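Listed below are the residues making up each chain.
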Amino acid sequence: MISLSVKHAQVLPFVSEDEIRMFEQEIKLHRDHIYNKSGKGSDFLGWVDLPENTGSDLLDRIESDARTIREQSDAVVVVGIGGSYLGARAVIEALSGNFHDRSGGSSGPQVVYAGQHLDEDYLHELLQWLDNRSYSMIVISKSGTTTEPAIAFRLLRRHLEQKVGKDEAARRIFAITDASKGALKKLADARGYTSYTIPDDVGGRYSVLTPVGLLPVAVAGFDVRKLMEGAKRMALHLRDNDTLDGNPAARYAVIRNVLLHKGMSTEIMASYNPAMQYMIEWWKQLFGESEGKEGRGIFPAGVVFTTDLHSMGQYIQEGQRHLFETVLTIGESKHSLSIPEDPDDDDGLNYIAGKRISYVNRMASGGTMLAHVDGGVPNIELVLPELSAAALGELIYFYEMACALSGYMLGVNPFDQPGVEAYKRNMFALLEKPGFEEEGKALKNRL
Ligand code: PA5
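Residues numbered from 1 in each chain as written. Predicted model: local features only at pLDDT ≥ 70, side-chain atom pairs only at ≥ 80, totals over all residues. Heavy atoms only, no water.

Participant: Could you clarify how one ought to interpret the domain arrangement of the protein chain in this entry?
Facilitator: Size of an interface, as often reported, equals the accessible area lost when the parts are brought together. Taken domain by domain, the protein chain comprises domain 1 (5-39 + 227-410), domain 2 (48-222) and domain 3 (421-447). Centre-to-centre, using C-alpha coordinates, domain 1 lies 40 Å away from domain 3. (Domains from an automatic or database assignment.)

Here is the structure:
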């Protein structure tokens, strides 16, 4: 039994049940295209079977390397960008406590990130911070040639080699990349890094359930078997249920496309739980890169409430009406904390004394949902009963399948990202990379 549920009562003021049901047959066809590997981008459907096909031997190896890394490090730098970064960070941040101070020892190493942008100050400060720490590195790039992580890795590699020597550095660097291609693969082979392979048929943003996500998550001390069990539960459920009632990924995919047809071209993923901030970032990448092409797609935006009710709340309530919201609700808090009674009641809060903070948060969520619906913003609800590795495994697989189905409904290939190349060409041209000289001159004249 899966624990995640999708509710759409707060969509029905805008869309009738019949309008949703009209897509029952179409979505079955898209499901067939996925399971029979007969749709667009079918070379990149390896993610569909990952939860079932990932063997215990790979998980054993990941857990064993994670133990080694945890024992030898106060800190671990995870180097990567996009699909080679966001999934691991999403799971780690969701499962870590909010003030988790890992400083080595039994609590495990502090996980920090590099290569996810090009900020000089960040990299300088990271190197300084690492000066006094014993650290390891996990470098992740499927192509092995992405500029941001390649630059960060060059800097970090030199830093680590100068600190502990080349041989020890090689023992502390773990590479996750393509089986045969790319500069990172060459480097890993030449320097003898422990390496993992990203399967050819799994694209970056669908790779969190490969070593790309699993090794960093295990290093952070979380249970990758439970994560995979949750994903498998969802995979089997979605495979065995082909109706809109039984298949939450199909239902979510259909509802968002019906809303798009009504002019709601921006989806805001909202959570009342700040630990989900990076899960929302991962979702944004998954849906944005998968659907935004050929002039189509639903623009994925994200907010964390109630924080963002004090920034984005005004627009959502009264701005342009091209929005719908999907509220990702986590049922149970990990801890219990109630508002204390105060004899003076100077702050006027005694009317909620004795109530749990999670109760107040739920009332904020219910009140906001109804206010936004009244303001013209349909609300879909995704409910996870708890924040655990297994629940996140379910959620990840649910999003992946919903994204693939939704992309097929839009008529695009949800597994490629041709548009990402445009900025890279311009950047290489401006940097005067060999082969881009003429383009570089033309661009410089325009800047
Ligand atoms: O989803 C994708 O394919 C991208 O976001 C990539 O993951 C990202 O560009 C990083 O690519 P690579 O892993 O080749 O360094």
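Participant: How should I be thinking about the packing of aromatic side chains in this particular structure?
Facilitator: In this description, an aromatic ring pair is defined by two values, namely the gap between the centres and the angle between the planes. Considering all chains together, one arrives at 15 aromatic pairs under this definition. Their ring planes at 45° and their centres at 5.6 Å tell us that F398 and Y399 sit as a pair that is tilted. Three or more aromatic residues joined by ring pairs make a cluster, and in this case those are Y252, W282, W283, F287, F398 and Y399. One residue, R61, lies across the ring of Y196, its end atom 3.9 Å from the ring centre. If you follow R157 out to its NZ or CZ, it ends over the ring of F153, 4.8 Å from the centre. (Phe/Tyr/Trp six-rings, centres within 6.5 Å; stacked < 30°, edge-to-face > 60°. Lys NZ or Arg CZ within 6 Å of the ring centre and 35° of its normal.)

Participant: Would you take a moment to explain the side chain of K185 for this structure?
Facilitator: Take K185: it is sitting in helix 9 (residues 183-191). In this structure K185 touches T177, D178, A179 and S180, once residues within four positions along its chain are discounted. (Helix = DSSP H or I, 4+ residues; strand = E, 2+ residues; numbered from the N terminus. Contact = heavy atoms within 4.5 Å.)

Participant: What am I meant to see in unusual backbone geometry here?
Facilitator: Peptide bonds are mostly trans, and most non-glycine residues show a negative phi. In this structure, the amide linkage connecting F305 to the following residue, T306, adopts the cis form with an omega of 5°. In the Ramachandran plot, E294 falls in the positive-phi region, its phi being about 55° despite a non-glycine side chain. In this structure, E294 sits in the loop between helix 13 (277-291) and strand 8 (299-304). A positive phi angle, close to 60°, is found at E432, a residue other than glycine. Tracing the sequence through the fold places E432 in the loop between helix 17 (420-430) and helix 18 (437-446).

Participant: Can you walk me through the site of the ligand in this structure?
Facilitator: Near the ligand lie 13 residues; those nearest to it are S84, S141, S143, T146 and Q285. Here G83 contributes a backbone N or O atom positioned 2.9 Å from an oxygen atom of the ligand. S143 has a polar side-chain atom sitting 2.7 Å from an oxygen atom of the ligand. With respect to the pocket detection grid, the ligand is positioned in the second largest pocket. When its residues are assigned to classes, the shell around the ligand shows one nonpolar, nine polar and three charged. (Near = heavy atom within 4 Å. Polar contact = N/O pair within 3.5 Å; in protein donor to acceptor, adjacent residues only side chain to side chain. 1 Å grid on protein atoms, 1.4 Å probe; cavity = no way out; pocket = protein on both sides within 12 Å on 5 of 7 lines; lining within 4 Å. Sits in = over half its atoms within 2 Å of the grid points. Nonpolar A, V, L, I, M, F, W, Y, C, P; charged D, E, K, R; others polar.)

Participant: Whenever I open this one, the sheet that holds strand 10 (residues 379-384) confuses me. Can you help?
Facilitator: Backbone-to-backbone hydrogen bonds pair the strands of a sheet. The strands run either parallel or antiparallel. The five strands are arranged 1-10-9-7-8 in an open sheet whose pairing can be described as mixed. If you trace the sheet from one side to the other, it starts and ends with strand 1 (5-7) and strand 8, each paired once. Direction aside, neighbouring strands of the sheet carry axes that sit 20° apart on average. Sheet topology note: the strand 1/strand 10 ladder contains three bridges and is antiparallel. Within strand 10, the residue paired with K7 across the bridge is E381. Relative to strand 10, helix 16 (residues 389-410) is tilted by about 145°, and along the sheet it contacts strand 1, strand 7 (266-271), strand 9 (323-330) and strand 10. (Pairing = 2+ DSSP bridges. Axes fitted to C-alpha atoms, helices over the stretch in contact; angles between N-to-C directions.)

Participant: What should I look at first to understand helix 4 (residues 56-72) in this one?
Facilitator: Because an α-helix completes one turn every 3.6 residues, residues spaced three or four positions apart along the sequence face the same direction. For helix 4, spanning 17 residues, the distance from its first C-alpha to its last is 24 Å, which sits close to the expected 24 Å at 1.5 Å a residue. Of the residues making up helix 4, those classed as buried are L59, I62, D65, A66 and I69. Down the axis of helix 4, the buried set is contained in an arc of 130°. They therefore lie on one face. Exposed residues on helix 4 whose side chains face more than 90 degrees from its buried face are D57 and E71. (Expected span 1.5 Å × (residues − 1). Buried < 20%, exposed > 50% of the residue type's maximum accessible area, 1.4 Å probe, protein only. Arc of directions from axis to C-beta.)

Participant: Would you explain a negative patch on the surface in this entry?
Facilitator: A grouping of E341, D342, D344, D346 and D347 is seen on the molecular surface, where their side chains present a negatively charged patch. Tracing the sequence through the fold places D342 in the loop between strand 9 and helix 15 (357-374). (Patch = residues over 30% accessible without salt bridge, like charges linked within 9 Å, V, L, I, M, F, W, Y side chains within 5 Å. Areas by Shrake-Rupley, 256 points an atom, 1.4 Å probe, with all protein chains shown as cover. Salt bridge = Lys/Arg side-chain N within 4 Å of Asp/Glu carboxyl O. Lys, Arg positive; Asp, Glu negative; His and termini not counted. Charge placed at Lys NZ, Arg CZ, Asp CG, Glu CD.)

Participant: So what exactly am I meant to see when it comes to the nonpolar core here?
Facilitator: In summary, soluble globular proteins display a tendency toward joint burial of nonpolar side chains. Judged by nonpolar contacts, the single largest core of 101 residues is most densely connected at W47, L392, L395, F398 and Y399. Sorting elements by how many residues they give to this core places helix 16 first, with 16 residues. The residue makeup of this core includes at least three contributed by each of domain 1 (5-39 + 227-410) and domain 2 (48-222). What Y399 contacts, discounting residues up to four positions off in sequence, is Y252, M269, W282, W283, L286, F287, L328 and L382. In terms of nonpolar packing, the next biggest core, distinct from the first, is built from 24 residues, L123, Y135, A152 and L184 among them. (Core = buried A, V, L, I, M, F, W, Y, C linked by side-chain atoms within 4.5 Å.)

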